[in-house]
Amino acid sequence: MEKNAEFVDEHIIALKTALQTSMDKRKDKVSKCHKKVFYLKAYSRWENPKFEGIHVLVKQARKDGKRTFFSTTEPDKLYIDGRYVKL
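Residues numbered from 1 in each chain as written. Predicted model: local features only at pLDDT ≥ 70, side-chain atom pairs only at ≥ 80, totals over all residues. Heavy atoms only, no water.

Trainee: Please provide a residue-by-residue account of the overall build of the protein, values included.
Mentor: If you tally the helices and strands in the protein, you get two helices and three strands. Tracing the protein from N to C terminus, the helices and strands come up as α-α-β-β-β. The buried share of the protein, reckoned over its 87 residues, is 15%. A separation of at least 24 residues holds for 21% of the contacts in the protein among residues at least 6 apart in sequence. Looking at the protein as shown, the accessible area adds up to about 7,900 Å², and 59% of this sits on carbon and sulfur atoms. (Helix = DSSP H or I, 4+ residues; strand = E, 2+ residues; numbered from the N terminus. Buried < 20%, exposed > 50% of the residue type's maximum accessible area, 1.4 Å probe, protein only. Contact = heavy atoms within 4.5 Å. Areas by Shrake-Rupley, 256 points an atom, 1.4 Å probe, with all protein chains shown as cover.)

Trainee: Before we move on, could you go through the nonpolar core and cite the residues and values that matter?
Mentor: Counting six residues, the largest nonpolar core is built from V58, A61, F70, L78, I80 and V85. Those elements that provide at least two residues to this core are α2 (54-63) and β2 (78-80). (Core = buried A, V, L, I, M, F, W, Y, C linked by side-chain atoms within 4.5 Å.)

Trainee: Let's hear about a positive patch on the surface: which residues, and what values?
Mentor: On the surface, K25, R26, K29, K32, K35 and K36 cluster together into a positively charged patch. As for its position among the elements, K36 is in helix α1 (residues 2-52). Here K36 falls in the exposed class, since its relative accessible area comes to 58%. (Patch = residues over 30% accessible without salt bridge, like charges linked within 9 Å, V, L, I, M, F, W, Y side chains within 5 Å. Salt bridge = Lys/Arg side-chain N within 4 Å of Asp/Glu carboxyl O. Lys, Arg positive; Asp, Glu negative; His and termini not counted. Charge placed at Lys NZ, Arg CZ, Asp CG, Glu CD.)

Trainee: How would you explain a nonpolar patch on the surface if you had to name every residue and give the values?
Mentor: Judged by side-chain polarity, F7, V8 and I12 come together as a nonpolar surface patch covering roughly 280 Å² of accessible area. Turning to its location among the elements, V8 is positioned in helix α1.

Trainee: Any details on a negative patch on the surface? Residues and values, ideally.
Mentor: Taken together, E2, E6, D9 and E10 make up a surface patch of like negative charges. Counting through the fold element by element, E10 comes out in helix α1. On the basis of relative accessible area, E10 is assigned to the exposed category, the value being 54%.

Trainee: Residues and numbers for the confidence of the model for the protein, please.
Mentor: Per-residue confidence for the protein gives a mean pLDDT of 77, with 72% of residues at or over 70. Ranking the helices and strands of the protein by mean pLDDT puts α1 first, with 82, and strand β1 (residues 68-70) last, with 69. (pLDDT = per-residue confidence, 0-100.)

Written out as structure tokens, the structure reads:
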């Protein structure tokens with residue numbers, strides 16, 4: 001009876017280890033996917049203005065000596081001299 005209990009315990013421990021390893025691999029994959037999405041959002045934040053004609057607005061504002069930046073939390077928001085500009 002004790003041998004059977006030890007056998008079951010060993011298998012449970014082995015299964016737990018395998019499950020933990022698998023879960024860690026999945027977490028790494030999910031983390032990589034989150035990074036890719038973040039990079040894509042950052043890339044699109046800088047590329048979209050080129051397609052939407054916003055680069056002209058930004059270029060003119062910079063030429064006039066104004067500070068321009070896009071919101072880090074909301075990529076579709078543009079600020080010129082600290083004021084929100086609706087796109």
